[in-house]
Amino acid sequence: MSVTLLVADTVWSNIESTGSVTEEQLSVLHLLFGKNLEKATRIIDKRGVKKISGLPSGRSIFQVVGESQKREEYLCFPGDYCGCYSFFYDVVSRGEQQCCKHQLAARLAFSLGAYSEIEVSDEHLAVMLSKI
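Residues numbered from 1 in each chain as written. Predicted model: local features only at pLDDT ≥ 70, side-chain atom pairs only at ≥ 80, totals over all residues. Heavy atoms only, no water.

**Some thoughts on the overall build of the chain**
- Each helix and strand counted, the chain has six helices and five strands in total.
- By the compact-globule yardstick of 14 Å for 132 residues, the chain fits well, its C-alpha radius of gyration being 14 Å.
- Projected onto its principal axes, the C-alpha positions of the chain cover 40 × 35 × 30 Å.
- The burial tally for the chain puts 37% of its 132 residues in the buried class.
- Taking the contacts inside the chain whose residues are at least 6 apart along the sequence as the reference set, 55% of them involve residues at least 24 apart.
- About 7,700 Å² of surface is accessible on the chain, with carbon and sulfur atoms providing 52% of the total.
- With 14 positive and 16 negative side-chain charges, the chain shows a spacing of 7 Å between the two charge centroids. (Helix = DSSP H or I, 4+ residues; strand = E, 2+ residues; numbered from the N terminus. Rg over C-alpha atoms; globule rule 2.2 N^0.38 Å. Buried < 20%, exposed > 50% of the residue type's maximum accessible area, 1.4 Å probe, protein only. Contact = heavy atoms within 4.5 Å. Areas by Shrake-Rupley, 256 points an atom, 1.4 Å probe, with all protein chains shown as cover. Lys, Arg positive; Asp, Glu negative; His and termini not counted. Charge placed at Lys NZ, Arg CZ, Asp CG, Glu CD.)

**Observations concerning the pattern of salt bridges**
- Counted according to the given criterion, the structure contains six salt bridges.
- Note that E73 is salt-bridged to K50, the shortest N-O span being 3.2 Å. With a gap of 23 residues between them, E73 in strand β3 (residues 73-77) and K50 in strand β1 (residues 49-55) connect regions that are remote in the sequence.
- The exposure class assigned to E73 is partly exposed, which follows from its relative accessible area of 42%.
- Between E96 and R94 there is a salt bridge, with its nearest N and O atoms 2.5 Å apart. (Salt bridge = Lys/Arg side-chain N within 4 Å of Asp/Glu carboxyl O.)

**Re the nonpolar core**
- W12, F33, V49 and V64 are the most contacted members of the largest nonpolar core, which totals 27 residues.
- The greatest single-element share of this core, amounting to five residues, is contributed by helix α5 (residues 101-112).
- In this structure, V49 is in contact with I43, I44, F62, Q63, V64, A105, A106, A109, Y115 and S116, ignoring residues within four places of it in sequence.
- I52, I61, L75 and L125 belong to the second-largest nonpolar core, a separate cluster that totals six residues. (Core = buried A, V, L, I, M, F, W, Y, C linked by side-chain atoms within 4.5 Å.)

**Overview of the packing of aromatic side chains**
- Under the criterion given, the structure shown has seven aromatic pairs.
- When the centroid spacing of 5.7 Å and the interplanar angle of 70° are considered together, the rings of Y81 and F87 count as edge-to-face.
- Judged by its relative accessible area of 7%, F87 is buried.
- For the ring pair F110 and Y115, a centre distance of 6.4 Å and an interplane angle of 15° mean the geometry is stacked.
- Judged by its relative accessible area of 23%, Y115 falls in the partly exposed class. (Phe/Tyr/Trp six-rings, centres within 6.5 Å; stacked < 30°, edge-to-face > 60°.)

**Some words on the packing of helix α1 (residues 3-18) against helix α2 (residues 23-33)**
- Interaxial distance between α1 and α2 falls to 10 Å at its minimum, and their mutual angle equals 155°. On the basis of the axis angle, α1 is roughly antiparallel to α2. By crossing handedness, the relation of α1 to α2 is classed as left-handed. Residues T4, L5, V7, A8, V11, W12, N14 and I15 of α1 pack against Q25, V28, L29, L32 and F33 of α2.
- Its residues placed into classes, the contact of α1 with α2 shows 10 nonpolar, three polar and no charged. (Axes fitted to C-alpha atoms, helices over the stretch in contact; angles between N-to-C directions. Parallel < 35°, antiparallel > 145°, perpendicular 65-115°, else oblique. Left-handed = near helix turned anticlockwise from the far one by under 90°. Nonpolar A, V, L, I, M, F, W, Y, C, P; charged D, E, K, R; others polar.)

Written out as structure tokens, the structure is:
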């Protein structure tokens, strides 16, 4: 794990423990993630993050709305994967970013409890996951 992600994990943990974010924490996250953090906060402000949980297992994935005119929705695991173009191009292929704005939005929304929750059957969640 990179130093950037270790520092970010510490900040995420601190945010989760209080349920709020300070200006100092936002500054650290902005230093680490730049414009992607700004974009992620806009997504959260527009209530664009959903946590989809399967029942009865409790397994979950996040669905995050994009900022384009199409308002596409991307399935993502905050620390590992997003179905957006930027994840594959900037994170995986070029290695220029640690994560995409959708992953950041999901992680920050989770830390703050600022997401809507949808419960589906485990079978439905499995179908969703099979399409990624």
